[in-house]
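# Overview (structure and organization)
Each chain, letter by letter, is given below.
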Amino acid sequence: MAEAEAKMKQFNGGGGGAGLDAERGRFPYCVVWTPIPVLTWLFPIIGHMGICTSTGVIRDFAGPYFVSEDNMAFGKPVKYWKLDPSKVYSTGPNAWDTAVHDASEEYKHRMHNLCCDNCHSHVALALNLMRYDNSTSWNMVKLCFFSLLYGKYVRSGFRMETYGAAAKSLMVGVLAAGDEGSASPKSWLNG
């Protein structure tokens with residue numbers, strides 16, 4: 001039991017949100033996430049991701065050959081995943097910031113690809129360079145899963161906005177799909 005709690009604490013960044021300042025957009029040692037209009041409405045686990053420096057400056061791969069600083073491509077973060085800087089196994093002074101910088105410099109020379117080489121890949125490279133949690137196997141699938149599992153919403157209302165839009169999209173699709181026949185959703189509503 002203690003081991004499970006330690007693992008949860010490890011991936012939750014060792015506890016509280018010390019140093020976080022959502023009003024100013026500062027999320028030190030965090031992976032941040034924001035929804036992508038339409039895409040997130042249809043698939044609420046898909047969104048735009050960035051990684052923050054030790055001072056909370058957000059870096060995100062925002063498009064071809066462009067890594068933005070403190071100006072996420074799809075708006076302010078709605079979700080953050082606080083990481084534990086003591087889990088950085090890379091050596092050298094300021095290993096966290098060096099890895100974020102080096103990953104950003106690498107992605108300034110890359111073409112953006114929605115499915116294969118995207119904002120999640122940029123964050124994964126930073127975590128691999130710093131050997132976060134003594135691992136070099138970070139990838140976009142792992143990040144998506146861990147962000148979903150360990151991420152916290154900046155405001156409680158953001159959860160409803162994220163999943164509410166998906167629910168509305170699903171409902172519109174279901175209602176639009178059924179026109180005639182006993183298996184249509186309209187017949188379910190009419191009894």
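As the structure is a prediction and not an experimental result, all values here were calculated from the model.

## Here's the deal with the packing of aromatic side chains
Inspection of every chain in the model, using the stated rule, returns 11 aromatic pairs. Between F27 and Y80 the ring centres are 5.7 Å apart and the planes differ by 35°, which places this aromatic pair in the tilted class. Of the two residues, F27 sits in the loop between helix 1 (2-11) and strand 1 (30-35) while Y80 sits in strand 5 (residues 79-82), which places them 53 residues apart along the sequence. By relative accessible area, which is 2% here, F27 ends up buried.

## Topic: the packing of helix 3 (residues 95-107) against helix 4 (residues 119-129)
Two measures define how a pair of helices packs: the angle their axes make with one another and the distance between the axes. Relative orientation of the contacting elements helix 3 and helix 4 amounts to 140°, with a least axis distance of 8 Å. Relative to helix 4, helix 3 is oriented oblique. As for how helix 3 packs across helix 4, the hand of that crossing is right-handed. On helix 4, the residues that touch A99, V100, D102, A103, S104, E106 and Y107 of helix 3 are S121, H122, L125, A126 and L129.

## Description of the layout of surface pockets
Here the largest pocket is characterised by a volume of approximately 350 Å³. Lining the largest pocket are 17 residues, and of these I46, G47, L114, N118 and H120 lie nearest its centre. Secondary-structure elements contributing two or more residues to the lining of the largest pocket are strand 2 (47-52), helix 4 and helix 5 (140-150). The leading source of residues in the lining of the largest pocket is helix 5, at three residues. Tallied by class, residues from the lining of the largest pocket come to 12 nonpolar, five polar and no charged. Its volume calculated, the second largest pocket comes out at about 270 Å³. Forming the walls of the second largest pocket are 16 residues, and the residues nearest its centre are A22, E23, G25, K76 and P77. A per-class count over the lining of the second largest pocket returns seven nonpolar, three polar and six charged.

## A closer look at the pattern of salt bridges
Applying the stated criterion to the full structure yields six salt bridges. The partner of E69 in a salt bridge is R59, with the nearest N and O atoms 3.7 Å apart. Here E69, found in strand 4 (residues 66-69), pairs with R59, found in strand 3 (residues 58-63); they are 10 residues apart in sequence, far enough to count as distant. Using a relative accessible area of 51% as the deciding quantity, one classes E69 as exposed. On the basis of relative accessible area, R59 is assigned to the buried category, the value being 8%. Salt bridges sharing partners connect three or more residues here, namely E106, R110 and D117.

## Considering the sheet that holds strand 5
With antiparallel pairing, six strands are arranged side by side in an open sheet as 4-3-2-1-5-6. A strand with exactly one partner marks an edge of an open sheet, and here the two such strands are strand 4 and strand 6 (152-153). In this structure, strand 3 lies alongside strand 4, joined through four bridges in antiparallel fashion. Bridged to R59 within strand 4 is E69. Together, strand 1, strand 2, strand 3 and strand 4 form the strand contacts of helix 3, whose direction differs from that of strand 2 by roughly 135°. Its contacts with the sheet place helix 4 against strand 1, strand 2, strand 3 and strand 4, and it is angled at close to 25° to strand 2.

The rules behind each value
- Residues numbered from 1 in each chain as written.
- Predicted model: local features only at pLDDT ≥ 70, side-chain atom pairs only at ≥ 80, totals over all residues.
- Heavy atoms only, no water.
- Phe/Tyr/Trp six-rings, centres within 6.5 Å; stacked < 30°, edge-to-face > 60°.
- Helix = DSSP H or I, 4+ residues; strand = E, 2+ residues; numbered from the N terminus.
- Buried < 20%, exposed > 50% of the residue type's maximum accessible area, 1.4 Å probe, protein only.
- Axes fitted to C-alpha atoms, helices over the stretch in contact; angles between N-to-C directions.
- Parallel < 35°, antiparallel > 145°, perpendicular 65-115°, else oblique.
- Left-handed = near helix turned anticlockwise from the far one by under 90°.
- Contact = heavy atoms within 4.5 Å.
- 1 Å grid on protein atoms, 1.4 Å probe; cavity = no way out; pocket = protein on both sides within 12 Å on 5 of 7 lines; lining within 4 Å.
- Points joined across faces, edges and corners; volume = space filled by probe spheres on them.
- Nonpolar A, V, L, I, M, F, W, Y, C, P; charged D, E, K, R; others polar.
- Salt bridge = Lys/Arg side-chain N within 4 Å of Asp/Glu carboxyl O.
- Pairing = 2+ DSSP bridges.

Interpretation in functional terms is not warranted from these geometric data alone.
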